[in-house]
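Coordinate analysis (summary)
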Amino acid sequence: MSLRVAVQMDPIERINIAGDSTFALMLEAQRRGHSLVVYTPERLSQTAGEVTARVRPAEVRDVAGDHVTLGEERRISLGAEADVVLLRQDPPFDMAYVTTTHMLERIHPKTLVVNDPAHVRNAPEKIFVLDFPQLMPPTLVTRDKAEIDAFRAEHGDIVVKPLYGNGGAAVFRLTADDLNYGSLVDFFSTSFREPWMVQKFLPKVSEGDKRILLVDGAFAGAVNRVPAKGDLRSNMVRGGAATATELSPREREICETLGPELKRRGLIFVGIDVIDGNLTEINVTSPTGIRAVKRLGGPDAATMTWDAIESRLSGPAL
């Protein structure tokens, strides 16, 4: 089948194709004969009866510096002129992001939105994960300093990060006697209106933070991200090095526990983060890792994702 695919993403001209999972999904869609259009979130509109976007046709190729040719902008009805919408702009998961999920919910599932916009909205990565406390390190979500004081007194070294951040931005480790503690709480209080995530520090993060991909609830590859020397953060955009990896029995248990719930929620492409057998995040907004996993000899999650999408569209009516 030939599908009409609209991709809601950050400006395609600026992406780094070497590690961009949206680009990997677009290459695979094009290989299968699907047509592609792209638009940025601010080009999305809604009237009483229609959700539209100002889109540009896109032809992609795996050539750094010459990876896309864009056609002339035109206005389309996403409900009537698209079969699939890939919801793929990067966080932060702010009210602008939330608003796009409300708009796209109006066309789903007649037009299949991946991931399901209502469940993207209801499963922010650092809150959804709290549904699985048995898989996690000790974790607190709050902006109440007294609660953080008590948590720190109990667990000693802690990690503090913005609840709706991404890419390792503003992630801090505080040791039990760190004199920066008060200043950091002040900084977070003035910088972020939302609560923060506070977790017990896991020393084995120095050995790697695994990004595990799941497609339609099933394991679809993994990569171990090792922090750069002198850095807490393993995110590849922060200098983390990607290495091939296998799943431990504990990590397989995590995947098997999460899989049915991800599938039930229509979260087709998901990336989870695991440190030393502890689940730390469930990434459902715009997870990455496809190209790194494939480059290191793992499965092609882009192929698996499109298999899952096509299966849904060719199956019984939703």
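Residues numbered from 1 in each chain as written. Predicted model: local features only at pLDDT ≥ 70, side-chain atom pairs only at ≥ 80, totals over all residues. Heavy atoms only, no water.

**Quick look at the side chain of His108**
Rules: Strands are runs of DSSP state E lasting at least 2 residues, helices are runs of H or I lasting at least 4, and numbering of each runs from the N terminus. In protein, a polar contact means a hydrogen-donor-capable atom and an acceptor-capable atom, both N or O and within 3.5 Å, with residues adjacent in sequence counting only if both atoms are side-chain atoms; elsewhere, any N or O pair within 3.5 Å suffices.
Along the chain, His108 falls in the loop between α3 (95-105) and β8 (112-114). A distance of 3.0 Å separates a polar side-chain atom of His108 from the backbone nitrogen of Val113. A polar contact is formed between the side chain of His108 and the side chain of Asp116, at a distance of 3.2 Å.

**Let's talk about the sheet that holds strand β17 (residues 278-283)**
Within a sheet, neighbouring strands are paired by backbone hydrogen bonds and run either parallel or antiparallel to one another. This is how the line gets drawn: A strand pair is defined by DSSP finding two or more bridges across the two strands. Between the N-to-C directions of two axes lies an angle of 0 to 180 degrees, each axis being a line fitted to C-alpha atoms and, for a helix, fitted only over the stretch in contact. Any two residues whose heavy atoms approach within 4.5 Å at even a single point are treated as in contact.
With respect to topology, 5 strands assemble into an open sheet ordered β15-β14-β13-β16-β17, the strand pairing being antiparallel. Looking at which strands have only one partner, the edges of the open sheet turn out to be β15 (241-243) and β17. With strand direction ignored, the average angle separating the axes of adjacent strands in the sheet is 30°. Two elements, strand β13 (residues 209-215) and strand β14 (residues 218-226), share 6 bridges in a ladder whose sense is antiparallel. Across the sheet, residue Val215 finds its bridge partner in β14, namely Ala218. Against the sheet, helix α8 (residues 249-264) contacts β13, β16 (269-275) and β17, and its axis sits at roughly 150° relative to β16. Docked against the sheet, helix α10 (residues 301-314) engages β13, β14 and β16, running at close to 30° with respect to β13.

**Brief notes about the pattern of salt bridges**
Put simply, the rule reads: The working definition used for a salt bridge is a side-chain nitrogen of Lys or Arg within 4 Å of a carboxyl oxygen of Asp or Glu. Partly exposed residues are those whose accessible area sits between 20% and 50% of the maximum for their type, while under 20% is buried and over 50% is exposed, using a 1.4 Å probe and protein chains only.
In this structure the tally under the stated criterion is 25 salt bridges. Residue Arg211 pairs with Asp273 through a salt bridge whose shortest N-O separation is 2.8 Å. Residue Arg211 is located in strand β13, and its partner Asp273 is located in strand β16; the two are separated by 62 residues in the primary sequence. The same class applies to Arg211 as to Asp273, namely buried. Among the charged side chains, a salt-bridge network with shared partners connects Glu28, Arg31, Arg32, Asp307 and Glu310.

**A look at the packing of helix α1 (residues 21-31) against α10**
How we decide: Here the angle decides the label: under 35 degrees means roughly parallel, over 145 means roughly antiparallel, 65 to 115 means roughly perpendicular, and every other value means oblique. A clockwise turn of the near helix away from the far one marks a right-handed crossing, whereas an anticlockwise turn of less than a right angle marks a left-handed crossing.
The contact between α1 and α10 brings their axes to 9 Å, and the two run at 60°. Between α1 and α10, the interaxial angle falls into the category oblique. The handedness of the crossing between α1 and α10 is right-handed. Residues Ala24, Leu25, Glu28 and Ala29 of α1 pack against Ala302, Thr303, Thr305 and Trp306 of α10.

Coordinates in, geometry out; function isn't part of it.
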